[in-house]
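These are the residues of each chain, in order.
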Amino acid sequence: MRTYLAITPKALSQLSAPPPLPLVHMAYAVGQGGCLTRCAAANLPHGGLMGLSDRCSGSIPRADALCRAIDDHALDGIKLHPNNSGLALDSDYNCAIFAFAQERRIPVAVHSYPNAEDDLSAAKRIVKTAERYPDLKLIVSHMGAFQWERLLPLACYVDLSTILPDYVRRYGVEGTNALLRKFGPRRLLFATDFPASRSLRPEEIYTVYCGILDQMDFTPEEAAGIAYKNAVGLLG
């Protein structure tokens, strides 16, 4: 199992101590004919993560060019961030990507920490997408935040990034445990959004996350599923 940590060059430079694993962040733009053009990332260690950034400068590439790039470079997954791209999750542009991913059986992670009913990453848009593409391997990052209940009936995975400490502040550890149990351990994916956090310093994130999860009632087998086995099955 390979561990992927998403980190930007700026965030790396601001860490008080170097991370335990070598990391590298590569930003790509999709050029003519679906070719990936790598942007330079200077003064970074080699190894670790190589990511396809959704924060490319210039106009958003055609969806078919993006799909060709994903196919040609045998990428393992796609992440869509509607609030970064300015495109609603259920927009026509994203629908073309969902259709492609469903056909190719490529997992798609979608950012969802909505602040309003009509947010670009609102849970209702995820529901609409899941109903339209029932065989899509869908991961909802941040669990849809506080619109999580709408995701319960869906056949999607949810990751714990960013949101876990927020749930504990609102519901307590016991209430958060019950919330996660409603999804079921087979749908949960461990993630943190390191080094980003709404409330924690980068050096606190893993300690706080593991401390929270250690207080919950997951069996060793369920904990292993959340930590890595669910992801292995999803990517396999």
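Residues numbered from 1 in each chain as written. Predicted model: local features only at pLDDT ≥ 70, side-chain atom pairs only at ≥ 80, totals over all residues. Heavy atoms only, no water.

(A) Representation of the packing of helix H6 (residues 163-183) against helix H7 (residues 205-214). Contact geometry for H6 and H7: axes closest at 10 Å, N-to-C directions at 45°. Accordingly, the angle class assigned to the pair H6 and H7 is oblique. Viewed along their axes, H6 and H7 form a crossing whose handedness is left-handed. Between H6 and H7, the contacting residues are Ile163, Leu164, Pro165, Val168 and Val173 on the first element and Tyr209, Ile212 and Leu213 on the second. Partitioning the contact of H6 with H7 into residue classes produces eight nonpolar, no polar and no charged. (Axes fitted to C-alpha atoms, helices over the stretch in contact; angles between N-to-C directions. Helix = DSSP H or I, 4+ residues; strand = E, 2+ residues; numbered from the N terminus. Parallel < 35°, antiparallel > 145°, perpendicular 65-115°, else oblique. Left-handed = near helix turned anticlockwise from the far one by under 90°. Contact = heavy atoms within 4.5 Å. Nonpolar A, V, L, I, M, F, W, Y, C, P; charged D, E, K, R; others polar.)

(B) Structural context of the packing of aromatic side chains. Summed over all chains, the structure comprises nine aromatic pairs. Taking the centre distance of 6.3 Å and the plane angle of 50° together, the rings of Trp148 and Phe183 count as tilted. With Trp148 in the loop between strand S5 (138-141) and strand S6 (157-159) and Phe183 in helix H6, the pair connects residues that are 35 residues apart, well separated along the chain. According to the relative accessible area criterion, Phe183 is buried, its value standing at 4%. Note on Phe190 and Tyr206: the rings are 6.5 Å apart at their centroids and 35° apart in plane angle, and the pair reads as tilted. Of this pair, Phe190 sits in the loop between strand S7 (188-189) and H7 while Tyr206 is found in helix H7, placing the two residues 16 residues apart along the sequence. Taken together, the ring pairs connect Phe146, Trp148, Tyr167, Tyr171 and Phe183 into an aromatic cluster. The side chain of Arg170 reaches across the aromatic face of Phe146, ending 3.8 Å from its centre. Its end group placed over the ring of Tyr113, Arg198 keeps NZ or CZ at 3.6 Å from the ring centre. (Phe/Tyr/Trp six-rings, centres within 6.5 Å; stacked < 30°, edge-to-face > 60°. Buried < 20%, exposed > 50% of the residue type's maximum accessible area, 1.4 Å probe, protein only. Lys NZ or Arg CZ within 6 Å of the ring centre and 35° of its normal.)

(C) View of the nonpolar core. Of all hydrophobic cores here, the largest spans 48 residues; its most connected members are Val110, Met143, Leu180 and Leu188. Those elements that place two or more of their residues in this core are helix H2 (63-72), strand S3 (78-80), helix H4 (92-104), strand S4 (108-111), helix H5 (123-132), S5, H6 and H7. For this core, the element with the most residues is H6, which contributes six residues. For Val110, the contacting residues outside a window of four places in its chain are Leu80, Leu89, Phe98, Ile126, Leu138, Ile139, Val140 and Ser141. Core analysis: the second largest hydrophobic core is formed by five residues, Ala109, Leu189, Ala231 and Leu234 among them. (Core = buried A, V, L, I, M, F, W, Y, C linked by side-chain atoms within 4.5 Å.)

(D) Quick look at H7. Restricting attention to buried positions, one finds in H7 the residues Ile205, Tyr209, Ile212 and Leu213. The buried residues of H7 all sit within an arc of 95° when viewed along its axis, so they share a single face. Projecting away from the buried face of H7 at angles above 90 degrees are the exposed residues Thr207 and Asp214. (Arc of directions from axis to C-beta.)

(E) Structural view of the pattern of salt bridges. Counted according to the given criterion, the structure contains ten salt bridges. Via salt bridges that share partners, Asp90, Arg125 and Lys128 belong to a single interconnected network. (Salt bridge = Lys/Arg side-chain N within 4 Å of Asp/Glu carboxyl O.)

(F) Representation of the pairing of S4 in the model. Residues Val108 and Val110 point to one face of S4 and Ala109 and His111 to the other, with burial holding for every one of them. When S3 meets S4, the two strands line up parallel, connected through three bridges. Each residue of the ladder has a partner; that of Ile78, found in S4, is Val108. Where S4 and S5 come together, four bridges link them in parallel fashion. When the bridges of S5 are listed, Val110 appears paired with Val140. Remark: the S4/H5/S5 crossover connection has right-handed handedness. (Pairing = 2+ DSSP bridges. Right-handed = clockwise from strand over helix to strand, strands pointing away.)

(G) The sheet that holds S3, seen in detail. One open sheet holds the five strands; their spatial order is S3-S4-S5-S6-S7, and the pairing between them is parallel. With partners counted over all chains shown, the strands left at the sheet margins are S3 and S7, one partner each. As judged from the two bridges shared by S5 and S6, these two strands associate in the parallel manner. Looking at S6, one finds that Ile139 is bridged to Tyr157.

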